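# Results of the structural survey
This is what each chain is made of:
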Amino acid sequence: MSAGELPLAEARSPGALRSLGVGLRLAHVRFLRLFPLALLVGVALEAVAIATDTAIYWHLFGRAPAWLHDDPHVPRSVLLFLSFLLRTLGGTAPAVLTTALVTPAASELLRDRDERPLASLAAGVRVLPVALATTFAFSILPLAALCAPRTAGDVPSSARTFVWAVVLSLPLTAAVIGRWLFAVPAAALERRGLIAAWRRSERLVVGRQLSTFGLVLLGVASGFVAFEMVLPWLLATWALGPLPWPRVLEFGRVALSAWFNLCVATVTTVHFVELRRAKEGPDADELRAVFT
């Protein structure tokens, strides 16, 4: 299948299910060209986590650095807050940064043009400040959900509070992400700054809140189940075996996360482009392609 089989001109409606289908197909049609960009993000973040001593087998950033634990002047509350912050950032940063790198290439494919991974990488690097700021914005509610159980008095109450806080935070987190979902694509494709990109995302979502919310909730819920429940259980079970199993499983986690983040990036790009086209009509490049 060529990129020409995925032209944006075929789009009749910017529905979430259509964006999901086209985005997933796009990710796998050019998998060997796009996956290295997602894997680069995963490996780079893994290297940062290992270098800062914050990595654990089932989380990219799962704990505060050991040197802080050894410092008697650092309060335990600070260590817990930092651990929770790192965990939420580890859950959101890979997908957002992958979107920054993949969006330019995915956009080219949607225009029925050859993608250029190196050019996409360079364009993505330019919008890293927007991507990082958006990552922090996406991490607020998950961070609050993790910190909330600390207010409970006893361990059973804390456990129950944690479960309910996480479950209730999923739709709220999806609502926040849905509001600024298109900030990174807007920055990458339209060269907008942080505030302009956030406002651009908000304007595009108006009138499409329900479909966008459903799409984001599906991604958040599937990511939570896969990387916060199933994968930690598998790693905790298998990592007890003899080497090299723990390292093999760790690499498998990075590769699986990169694949998931690539799918998130392509679906986000498709939905952004289709919403923009539905609200504003074809852009100059599309019109030029029609009349030439």
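Please refer to the structure placed before this passage.
As a further point, take the overall build of the chain. On a plain count of helices and strands, the chain comes out with 13 helices and zero strands. Starting at the N terminus, the α and β elements of the chain follow one another as α-α-α-α-α-α-α-α-α-α-α-α-α. Looking at the chain as a whole, 47% of its 292 residues are labelled buried. Summarising the internal contacts of the chain: among those between residues at least 6 apart in sequence, 75% fall at separations of at least 24. Here the chain has roughly 14,700 Å² of accessible surface; of this, 70% comes from carbon and sulfur atoms.

Okay, unusual backbone geometry next. The phi angle at Asp53 is positive, at roughly 60 degrees, despite the residue not being glycine. For Asp53, a relative accessible area of 29% gives the class partly exposed. In this model, Arg191 sits at a positive phi of 55 degrees, which is unusual for a non-glycine residue. Structurally, Arg191 is set in the loop between helix 9 (183–190) and helix 10 (194–205). Assessed through its relative accessible area of 66%, Arg191 is described here as exposed.

Relative to the helices and strands, Ser139 resides in the loop between helix 6 (128–138) and helix 7 (140–147). Using a relative accessible area of 2% as the deciding quantity, one classes Ser139 as buried. For Ser139, the side chain forms a polar contact with the side chain of Thr92, separated by 3.0 Å. Only 2.8 Å separates the side chain of Ser139 from the backbone oxygen of Thr135, close enough to count as a polar contact. Those residues in contact with Ser139, other than ones at most four positions away along the chain, are Thr88, Leu89 and Thr92.

Let's shift gears to helix 9. One turn of the α-helix equals 3.6 residues, which is why residues spaced by three or four share an orientation. For helix 9, the tally of buried residues reaches six of eight residues, placing the bulk of the element in the interior. Taken residue by residue, helix 9 has Ala183, Val184, Pro185, Ala186, Ala187 and Ala188 as its buried positions. Phi turns positive one or two residues past the end of helix 9, at Arg191, with a value near 55 degrees.

With that settled, consider the pattern of salt bridges. One pass over the full model with this rule turns up eight salt bridges. With its nearest N and O atoms 3.0 Å apart, the salt bridge here joins Glu108 to Arg113. A relative accessible area of 34% means that Arg113 is categorised as partly exposed. A salt bridge links Glu202 to Arg179; its shortest N-O distance comes to 3.0 Å. Taken together, the residues Glu202 in helix 10 and Arg179 in helix 8 (residues 155–179) connect sequence positions 23 residues apart. Note on Arg179: relative accessible area 45%, which makes it partly exposed. The network of salt bridges with shared partners includes Glu190, Arg192, Arg200, Arg276 and Glu280.

Before going further, it helps to examine the packing of aromatic side chains. Inspection of the entire model under this criterion finds three aromatic pairs. Centroid distance Phe31 to Phe35: 4.7 Å. Interplanar angle 20 degrees. Geometry classified as stacked. Residue Phe31 and its partner Phe35 are located together in helix 2 (residues 31–51), separated by four residues, close to a single helical turn. Relative to Phe272, the ring of Phe182 has its centre 5.8 Å away and its plane inclined at 45 degrees; by these criteria the two rings are tilted. One end of the pair, Phe182, is in the loop between helix 8 and helix 9; the other, Phe272, is in helix 12 (residues 245–280), and 90 residues separate them in sequence. With respect to class, Phe182 is no different from Phe272; both count as buried.

This brings us to helix 10. Here helix 10 contains 12 residues, and its C-alpha end-to-end distance of 17 Å stays within 8% of the 16 Å for a straight helix at 1.5 Å per residue. Of the positions making up helix 10, those classed as buried are Ala197, Trp198, Arg200, Ser201, Leu204 and Val205. The buried residues of helix 10 occupy an angular sector of 160 degrees when projected down its axis, which confines them to one face. Following helix 10 by one or two positions, Gly207 has its phi on the positive side, about 90 degrees.

It is at 9 Å that the axes of helix 4 (residues 76–110) and helix 6 come closest, and there the two elements cross at 145 degrees. Viewed along their axes, helix 4 and helix 6 form a crossing whose handedness is right-handed. Packed against helix 4, whose contacting residues are Leu89, Thr92, Ala93, Val96, Leu97 and Ala100, the element helix 6 presents Leu128, Ala131, Leu132, Thr135, Phe136 and Phe138 at the interface. Grouping the constituent residues of the contact of helix 4 with helix 6 by class yields 10 nonpolar, two polar and no charged.

One can find His69 in helix 3 (residues 66–69). Overall, the relative accessible area of 45% leaves His69 in the partly exposed class. Separated by 10 residues in the primary sequence, His69 and Leu79 have C-alpha atoms spaced 7.3 Å apart. Dropping the residues within four chain positions of it, His69 is found in contact with Ala64 and Leu79.

Cut-offs used in this document
Residues numbered from 1 in each chain as written. Predicted model: local features only at pLDDT ≥ 70, side-chain atom pairs only at ≥ 80, totals over all residues. Heavy atoms only, no water. Helix = DSSP H or I, 4+ residues; strand = E, 2+ residues; numbered from the N terminus. Buried < 20%, exposed > 50% of the residue type's maximum accessible area, 1.4 Å probe, protein only. Contact = heavy atoms within 4.5 Å. Areas by Shrake-Rupley, 256 points an atom, 1.4 Å probe, with all protein chains shown as cover. Polar contact = N/O pair within 3.5 Å; in protein donor to acceptor, adjacent residues only side chain to side chain. Salt bridge = Lys/Arg side-chain N within 4 Å of Asp/Glu carboxyl O. Phe/Tyr/Trp six-rings, centres within 6.5 Å; stacked < 30°, edge-to-face > 60°. Expected span 1.5 Å × (residues − 1). Arc of directions from axis to C-beta. Axes fitted to C-alpha atoms, helices over the stretch in contact; angles between N-to-C directions. Left-handed = near helix turned anticlockwise from the far one by under 90°. Nonpolar A, V, L, I, M, F, W, Y, C, P; charged D, E, K, R; others polar.

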